[in-house]
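Reading the structure
Okay, here's what each chain looks like letter by letter:
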Amino acid sequence: MYQYDEFDHTLVGERVEQFRDQVKRRLAGKLSEEEFRPLRLMNGLYLQLHAYMLRVAIPYGMLSSRQLRALADIARRFDKGYGHFTTRQNIQYNWIKLEDTPDILDALAAVDMHAIQTSGNCIRNVTADQYAGAAADEIEDPRVWCEIIRQWSTLHPEFSFLPRKFKIAVSGGARDRAAVRVHDIGLRLRRDAAGETGFEVIVGGGLGRTPKIGHTIRGFLPKRHLLSYLEAILRVYNQLGRRDNIYKARIKILVSDTGPDRFAEMVEREWAEIRDGALTLPAEEVARITSHFAPPPFDALDRDAAARALAAETAAAPAFARWVDANIAAHRQPGYAIVNISFKPIGEPPGDATAAQLDAVADLAERYSFGEARVTHEQNLVFAPVRQADLHALWQALGRHRLATPNIGMMTDIIACPGLDYCNLATARSIPVAQRISERFRDLDRQHDIGAITVNISGCINACGHHHVGNIGLLGLDKKGEEFYQITLGGSADDNAAIGAVVGSAFSEGAVVDAVETIVDTYLAVRADGEQFNDTWRRVGVEPFRDRLYGAD
Amino acid sequence: MTGQAITANRLSDGSVVYLTRDGGWSGNIGDSLVSDQADETGRMKATAERAERSQQVVGACFIDVEVEGGTVQPVRLREAIRAGGPTVGLAAAHAGNGNGNGHRVSVR
């Protein structure tokens, strides 16, 4: 993974000392809250319901064992012993004190981490496909480009005061696992007719109160032009994005109001002014960044022999077989596998991680995965790679820490925002609903029978739980002081990206889990052979679900 | 009795606090000053504003509460969660009694 150089260390160190002084001045009354608020937000520090919340950047989800241990230590020393993985591959701490924050940032800087630009109207953490550099279907490793974008966007002088937050995702696989179509900018690595790789550039996607699927404004952008083209997009947005209405300020509104074709013309016109200039990526610089993501020292293993050995192990241990079936994905290197570590134990808050679990994952990453892990935007972790021969031992070790639930991509692999239990913006709780759904569907045979399905829960219209793109999406509302949940169906963040459709009237907090079960039972009753949820949804439409939920009339 | 209390977050650590009868700030909603009298709520507001200006608290605001049998209960769920702590998960487990802040507040 990327290693900080002297410039990076200096930048982060100076930022810590700058913020230390800002905190000191705030506590001494030399800065008002109004003056201080944007400064703390630019360092990822929110004031939430119960305490300050610190959002730590995990660039494109990559973590080393050393960093995992530091995150565990911060949870123990400065929080209540746990953290929370977010839908943007970051980690959040919910019980932070302002007076401790400079020391926390120091502890992060010591392991090449920070909380810069995890809040505020700036370019946020660039996210990537969690199987980057490992997937069997990968076209090219997206992490190289995520790192280049990260360096370009960090403290960018022109883009530190955008109309609103800005989110970029990069996908490198044949299948999109980074939700590129629902980001402000999504970049999809593609091959042209000559076999060269470049980017499909997608702009204007997003969730929140006005969900939009992004538009392709350029089908193929040569890689050397990446930064100049991004600069052109951001310049157009910075100039024309609305600043009069916070709810109309994202780039998706500008693209929608302008029209994608006209928007693309504006970007191309801006780009014509700056292409082939200082922002053109030199090949040697790309090579330098690429060298940080060189494959680990794999052993030369026989693919078939490894597969036979694993088959024998799974045949002998049904519980292990179930975990392999649900949580393991194919790695491009023979004899190795991608391991999804579920942070969705039955009945627990999705994505929460105790200090002990973070330490355990650090140790296991060192032992089995070259000392690295990845955070996914579905709030789980990934080891890529692990030797297939080590999978059984790893499974047993994960099980000792409640990290071996075989539910990846299934009914209890729920994505949920912190909701009204933690968040100042929330209108309803999300975690208790996730816990109850998890309990209701705890039976593994039942989950296996349901198959692949996504369940997303947001505690408010800001959609941090990505409910719009869940096969089953829940949006928590406040109706005259009571919690209600609006259900959407048919959402998807993959290659067939779609915004879910509202199924009907919202359900009370007491009725929503039954409603979700009714939806699942309806799906199973009408599903045709080989269909997954959205296949059935597209074929039968809303009527069967609406009839079962609300009655035929 | 239904009345108003003032809540805020302590500047230094972000913890939830309530304006008390003696003009200080307590983490226990049971200690809060509750009033439905205009002149008293006016004094409460002035006290809270002074506390903000002197870097004790941030975000001071009135909340509706019900007082019954000596127990102060927020009317809104959001404030009940602020008073009693998260209703879920590791925070609740750490607190041991079902809410992160350790105070007896019912959540509907």
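Description of the structure in this document. (Residues numbered from 1 in each chain as written. Chains lettered and ligands numbered in written order. Predicted model: local features only at pLDDT ≥ 70, side-chain atom pairs only at ≥ 80, totals over all residues. Heavy atoms only, no water.)

1. Some thoughts on the overall build of chain B
Put simply, the rule reads: Elements are defined by DSSP. Helices are runs of H or I of four residues or more, strands are runs of E of two residues or more, and each kind is numbered from the N terminus. To sort residues, take the accessible area from a 1.4 Å probe on protein chains only and compare it with the maximum for the residue type: under 20% means buried, over 50% means exposed, and anything in between is partly exposed. Residues count as neighbours in contact if any of their non-hydrogen atoms are within 4.5 Å of one another. A 1.4 Å probe and the Shrake-Rupley method give the accessible areas. Residues count as covered only by the protein chains that appear here.
A tally of regular secondary structure across chain B gives three helices and five strands. When its helices and strands are written in sequence order, chain B yields β-β-β-α-β-β-α-α. Here chain B holds 108 residues, and 49% of them are scored as buried. Of the contacts formed within chain B by residues at least 6 apart in sequence, a portion of 51% connects residues at least 24 apart. About 4900 Å² of surface is accessible on chain B, with carbon and sulfur atoms providing 45% of the total.

2. Things to note about the sheet that holds strand β1 (residues 45-47) of chain A
Residues and elements named next belong to chain A. Defined as follows: Strands are treated as partners if at least two bridges between them are detected by DSSP. Axis definition: a line fit to C-alpha positions, over the contact stretch in the case of helices; interaxial angles, taken between N-to-C directions, run 0 to 180 degrees.
The antiparallel open sheet is built from five strands, whose spatial order is β1-β2-β5-β4-β13. Either end of the sheet is taken by a strand with one partner, and the two such strands are β1 and β13 (352-354). Strand-to-strand, the axes of this sheet are offset by a mean angle of 30 degrees, without reference to chain direction. Alignment of strand β4 (residues 82-85) against strand β5 (residues 91-96), held across two bridges, turns out to be antiparallel. The partner of Phe 85 across the bridge, within β5, is Ile 91. Running at roughly 130 degrees to β1, helix α2 (residues 33-41) makes contact with β1 and β2 (52-56) of the sheet. Across the face of the sheet, helix α3 (residues 65-78) comes into contact with β2, β4 and β5 while running at roughly 15 degrees to β5.

3. Structural notes on the sheet that holds strand β6 (residues 127-128) of chain A
Residue and element names in this part refer to chain A. Reading across the sheet, the five strands line up as β6-β7-β8-β9-β10 and stay open at both edges, with mixed pairing between neighbours. The sheet is open, and its two borders are formed by β6 and β10 (215-222), each paired with just one other strand. Across the sheet, helix α5 (residues 143-153) touches β6, β7 (168-171), β8 (185-191) and β9 (197-203), and the angle it forms with β7 is around 160 degrees.

4. Regarding the environment of Leu 226 of chain A
All names here are of chain A. With respect to the secondary-structure elements, Leu 226 resides in helix α6 (residues 226-240). For the pair Leu 226 and Thr 280, spaced 54 residues apart in the sequence, the C-alpha separation amounts to 7.6 Å. For Leu 226, the contacting residues outside a window of four places in its chain are Trp 145, Ile 149, Leu 187, Phe 199, Leu 221 and Leu 281.

5. Observations regarding the pattern of salt bridges
All names here are of chain A. Put simply, the test is: Within this document, salt bridges are pairs made up of a side-chain nitrogen of Lys or Arg and a carboxyl oxygen of Asp or Glu, the two lying within 4 Å of each other.
The tally for this structure, following the rule as stated, stands at 47 salt bridges over all chains. Residues Glu 140 and Lys 223 are paired through a salt bridge, measuring 2.9 Å at the closest nitrogen-oxygen approach. In this pair, Glu 140 is assigned in the loop between β6 and α5 and Lys 223 in the loop between β10 and α6, connecting sequence segments 83 residues apart. With relative accessibility at 18%, the residue Glu 140 sits in the buried group. Here Arg 442 and Glu 439 are joined by a salt bridge, their closest N and O atoms 2.3 Å apart. Salt bridges linked by common partners bring Arg 440, Arg 446, Asp 514, Glu 517 and Asp 521 together as one network.

6. So, the interface of chain B and chain A
Under the convention used in this document: Two parts lose some accessible area (1.4 Å probe) when they are put together, and adding that loss for both gives the buried area. Think of a polar contact as two N or O atoms within 3.5 Å of one another; within protein, one of them needs to be a possible hydrogen donor and the other a possible acceptor, and neighboring residues in sequence only count if both atoms come from side chains.
Each partner contributes to the interface: chain B provides 26 residues, whereas chain A provides 33 residues. Taking both sides of the interface into account, the surface hidden between chain B and chain A amounts to around 2400 Å²; carbon and sulfur atoms contribute 58%. Viewed at the interface, chain A and chain B are joined by zero salt bridges. Where chain B touches chain A, the interface holds eight residue pairs in polar contact (both at pLDDT 80 or more). Only β1 (2-10), α2 (77-84) and α3 (89-95) of chain B provide two or more residues apiece to the side of chain B that touches chain A.

7. Some details on the packing of aromatic side chains
Two descriptors summarise a pair of aromatic rings, namely the distance from one centre to the other and the angle between the planes of the rings. Residues and elements named next belong to chain A. Just so we agree on the cut-off: In summary, the pairing rule links any two rings of Phe, Tyr or Trp, Trp by its six-membered ring, whose centres are within 6.5 Å, and it sorts them by plane angle into stacked for under 30 degrees, edge-to-face for over 60 and tilted for everything else. Here, a charge over a ring is recorded when the distance from Lys NZ or Arg CZ to the ring centre is within 6 Å and its angle to the ring normal is within 35 degrees.
On inspection of all chains with the given rule, the structure shows 16 aromatic pairs over all chains. With centroids separated by 4.8 Å and ring planes inclined at 65 degrees, the aromatic side chains of Phe 298 and Tyr 336 adopt a geometry described as edge-to-face. Taken together, the residues Phe 298 in the loop between α9 (283-291) and α10 (303-316) and Tyr 336 in strand β12 (residues 336-341) connect sequence positions 38 residues apart. The class for Phe 298 is partly exposed, based on a relative accessible area of 22%. Its relative accessible area of 4% is what places Tyr 336 among the buried residues. Taking the centre distance of 5.4 Å and the plane angle of 50 degrees together, the rings of Phe 320 and Trp 395 count as tilted. Of this pair, Phe 320 sits in helix α11 (residues 318-327) while Trp 395 sits in helix α13 (residues 391-399), and the two are 75 residues apart along the sequence. Neither Phe 320 nor Trp 395 differs from the other in exposure class; each is buried. Through a chain of ring-to-ring contacts, the aromatic side chains of Tyr 523, Phe 533, Trp 537 and Phe 545 assemble into a single cluster. The ring of Trp 95 has Lys 80 sitting right over it, with the charged end atom 3.8 Å from the ring centre.

8. Structural notes on the packing of α3 of chain A against helix α12 (residues 355-368) of chain A
Residue and element names in this part refer to chain A. To keep things clear, this is the line we draw: Oblique is the label for every angle not falling under 35 degrees (roughly parallel), over 145 degrees (roughly antiparallel), or within 65 to 115 degrees (roughly perpendicular). Gly falls in the polar group here, along with every residue not listed as nonpolar (Ala, Val, Leu, Ile, Met, Phe, Trp, Tyr, Cys, Pro) or charged (Asp, Glu, Lys, Arg).
Across the interface, α3 lies against α12 with an axial gap of 8 Å and an inter-helix angle of 170 degrees. Considering the angle they form, α3 stands roughly antiparallel to α12. Between α3 and α12, the contacting residues are Ser 65, Leu 68, Arg 69, Leu 71, Ala 72, Ala 75 and Arg 76 on the first element and Ala 355, Leu 358, Asp 359, Val 361, Ala 362, Asp 363, Ala 365 and Glu 366 on the second. For the contact of α3 with α12, the per-class residue count stands at nine nonpolar, one polar and five charged.

9. Some thoughts on α2 of chain A
Quick note on the threshold: The arc in question is formed by the directions pointing from the helix axis toward the C-beta atoms.
The complete set of buried residues in α2 of chain A reads Glu 33, Phe 36, Arg 40 and Leu 41 of chain A. One side of α2 of chain A holds all its buried residues, which, seen down the axis, span an arc of 130 degrees. Looking at the buried side of α2 of chain A, the elements it contacts are α1 (6-27), β1 and β2 of chain A together with β4 (57-68) of chain B.

10. Some words on the environment of Asp 36 of chain B
Residues and elements named next belong to chain B. Position of Asp 36 among the secondary structure elements: in the loop between β3 (25-26) and α1 (38-53). Counting along the chain gives 35 residues from Asp 36 to Met 1, while the straight-line C-alpha distance between them is 8.8 Å. Beyond its immediate chain neighbours, meaning those up to four positions away, Asp 36 contacts Met 1, Thr 2 and Gly 3. Here the side chain of Asp 36 touches Gln 37 through a polar contact of 2.7 Å, side chain to side chain.

11. Some words on the side chain of Thr 20 of chain B
All names here are of chain B. Counting through the fold element by element, Thr 20 comes out in the loop between β2 (16-19) and β3. Exposure remark for Thr 20: the relative accessible area of 10% places this residue in the buried category. Non-local contacts of Thr 20, meaning those with residues more than four positions away in its chain, are made with Trp 25, Ser 26, Asp 31, Ser 32 and Leu 33.

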